[in-house]
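Results of the structural survey
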Amino acid sequence: MSDPSLIRAVKGMNDVLPDAMPRWHRVEAAFRETARRYGYGEVRTPLVEPTPLFVRSIGEATDIVSKEMYTFVDKGDDMLTLRPEGTASAVRAYLEHAVHGQEPVSKWYYLGPMFRRERPARGRYRQFWQAGLECFGDSGPQIDAEMIEMVVSLLASLGVQDLEVLVNSLGSRDTRARYREALRSYLSPHEARLSEESKQRLVTNPLRILDSKSPVDQEICASAPSILDMLDDADRAHFDELTATLGALGTKFRVEPKLVRGLDYYSRTLFEIQGKGGELGAQNALCGGGRYDGLVKELGGPDVPSIGFAMGLERILLALPNEASARSLDAMVVVAEPSLNVKAAVMLKQLRSAGLTAEGDLRGQSMKSQLRRAEKLGARTVVILGGAEEARGVVQLKDMRVRHQQDVAHDAVVAAIRARLALEGASHDGAAR
Ligand code: AMP
């Protein structure tokens, strides 16, 4: 039994400890670098927004707004919500700063935590991290294809294998309204067999029934009408050009007319990238996105066609091949006796100022224990401060890989460590060849 007096993290919200961080940093750095190459600049918006922002943009009938938002009234009686996604905030900021009046096209990226009170499972959390892009002012379809191609390249560069890219078009608002009615007419005679959730959705949001995980719902939906058959000429031409551009870019995809997503603001292009490998279970949607041509206007701005996508960092990490997270410590400073601790502190400062990663263990442990710790931390060299050596103005430098040890003068330690690290690099290169 765990100690009931111990305060634990909120259910579905996770700590990430330093050992796990190198993998996170690798994904974040790859995302930032890719976004930069494609012309996106970072935007940071508050984690908390006025509740109506999400109700108006994501849609009242969606699961997110109707069931999953963390909403509270603050001490000033304002109704606030922890952001469940990034697009609504980005659009709010875009309008608040009148960015549309300053440049015709804006390309933004963001990275940060989102909050949804979903049922926690592997790959599904109540606080999760998203990295996303928004492009305002370009009606596509080339920018749509570029965004899909960019995400696929990013995931491939990270080593995420076995991807499937699904694309669809939801057409314009009118098309969607006509499709909603067609779907209702098709599904109504089957209502008695639908799952309880789908029965409700038949009234509130019939498109989401296509998304149902229930086998009976899926069987019923198999012969449902396709939204692609209802597109008008302009929507059809947009979608055809999107698929042609993806083909020209060499990005493999599958057209999935039943792809719908949990947010109401989408129009025309919709896409999702699913993963199969790694430790991903049922939560295999790595990222999703689409066009939201009406949203900027809906939130009180001009008509600005836009597209965005977001990927869940936890899911990307589950899909990544398992590699040992390599610790990197250039030098460990070890003392023969505690009276040398001040000298060790000065040595550590000297090494770190020179740009080396260095650690010391100045808790008064035995030499043997300090050396064991150096081993554990993966130190490539050990700088040993001893009484006799200090009297001669030298330290012992030990190369942990070849177990070679030599005396080095204090002011030559940095250069000697660098030489050892360079030697190691050269022999790695040799081994790789
Ligand atoms: P969405 O904002 O719903 O379009 O989701 C975009 C991506 O965010 C998904 O493909 C997932 O990778 C991720 N995601 C959404 N909800 C969660 C969640 N509850 N836990 C973890 N990741 C999530």
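First, a word on what this report is: a plain description of the structure on this page. (Residues numbered from 1 in each chain as written. Predicted model: local features only at pLDDT ≥ 70, side-chain atom pairs only at ≥ 80, totals over all residues. Heavy atoms only, no water.)

What about the overall build of the protein?
Counting secondary structure elements, the protein contains 15 helices and 16 strands. In terms of overall size, the protein is more extended than a compact globule, its C-alpha atoms giving a radius of gyration of 28 Å where 433 residues would be expected to give roughly 22 Å. With respect to the three principal axes, the spread of C-alpha positions in the protein is 90 × 55 × 45 Å. The burial tally for the protein puts 50% of its 433 residues in the buried class. (Helix = DSSP H or I, 4+ residues; strand = E, 2+ residues; numbered from the N terminus. Rg over C-alpha atoms; globule rule 2.2 N^0.38 Å. Buried < 20%, exposed > 50% of the residue type's maximum accessible area, 1.4 Å probe, protein only.)

Structural notes on the nonpolar core
With 92 residues, the main nonpolar core has F31, Y40, L133, F136, F309 and M311 as its most contacted residues. Per-element accounting of this core gives the leading share, ten residues, to helix 5 (residues 142-158). Membership of the second largest hydrophobic core comes to 20 residues, among which are A331, V333, L348 and L385. (Core = buried A, V, L, I, M, F, W, Y, C linked by side-chain atoms within 4.5 Å.)

Side note on the pairing of strand 10 (residues 285-291)
Judged by how many residues are buried, strand 10 sits mostly within the fold: six of seven residues are covered. Note that strand 9 (residues 267-275) and strand 10 share six bridges and pair antiparallel. Residue pairing for strand 10: L270 is matched across the bridge by G290. Here five bridges tie strand 10 to strand 11 (residues 306-312), and the two strands are oriented antiparallel to one another. Residue pairing in the sheet places G289 in a bridge with F309 of strand 11. (Pairing = 2+ DSSP bridges.)

Some remarks on unusual backbone geometry
Geometrically, the link from G140 to P141 is a cis peptide bond, its omega value of 5° lying close to zero. Mapped onto the elements, P141 comes out in the loop between strand 6 (127-136) and helix 5. The phi dihedral of R268 falls on the positive side, at around 50°, and the residue is not glycine. Mapped onto the fold, R268 is located in strand 9.

Concerning the layout of surface pockets
Over the atoms, a rolling probe the size of a water molecule traces out where space has been left empty. Considering only enclosed or pocket space, the second largest pocket measures out at about 530 Å³ in volume. If you go around the second largest pocket, you meet 29 residues; those closest to its centre are R173, R176, D264, Y265 and Y266. Secondary-structure elements contributing two or more residues to the lining of the second largest pocket are helix 2 (51-58), helix 6 (173-187), strand 9 and helix 10 (295-298). Considering each element in turn, the lining of the second largest pocket owes the most residues, four residues, to helix 6. Residue classes in the lining of the second largest pocket are distributed as nine nonpolar, eight polar and twelve charged. (1 Å grid on protein atoms, 1.4 Å probe; cavity = no way out; pocket = protein on both sides within 12 Å on 5 of 7 lines; lining within 4 Å. Points joined across faces, edges and corners; volume = space filled by probe spheres on them. Nonpolar A, V, L, I, M, F, W, Y, C, P; charged D, E, K, R; others polar.)

Thoughts on the pairing of strand 6
The buried fraction of strand 6 is high, at eight of ten residues. Judged from the ten bridges that link them, strand 5 (residues 106-115) and strand 6 form a sheet pairing that is antiparallel. Looking across to strand 6, one finds that Y110 is bridged to G132. Where strand 6 meets strand 11, seven bridges bridge the pair, whose relative direction is antiparallel. Paired with A131 across the bridge in strand 11 is M311.

Observations regarding the pattern of salt bridges
What the rule picks out here adds up to 28 salt bridges. Residue R37 is joined to E33 by a salt bridge in which the shortest nitrogen-to-oxygen separation is 3.6 Å. Of this pair, R37 and E33 are both found in helix 1 (residues 21-37), four residues apart, which corresponds to roughly one turn of the helix. Accessibility expressed as a relative area gives 56% for R37, which makes it exposed. (Salt bridge = Lys/Arg side-chain N within 4 Å of Asp/Glu carboxyl O.)

Concerning the state of the cysteines
In this structure the tally under the stated criterion is zero disulfides. For the unlinked cysteine C287, the closest cysteine sulfur is that of C135, found at 16 Å. C287 sits in the buried class, given a relative accessible area of 3%. (Disulfide = S-S within 2.5 Å.)

Looking at the sheet that holds strand 2 (residues 48-50)
In spatial order, the strands read 2-4-3; together these three strands make up an open sheet with antiparallel pairing. What marks the edges here is a single partner per strand, and that holds for strand 2 and strand 3 (71-73). If you compare each strand with its neighbour and ignore which way they point, the axes differ by 35° on average. One ladder, built from three bridges, connects strand 2 with strand 4 (residues 79-82); its direction is antiparallel. Across the sheet, V48 pairs through a bridge with L82, a residue of strand 4. (Axes fitted to C-alpha atoms, helices over the stretch in contact; angles between N-to-C directions.)

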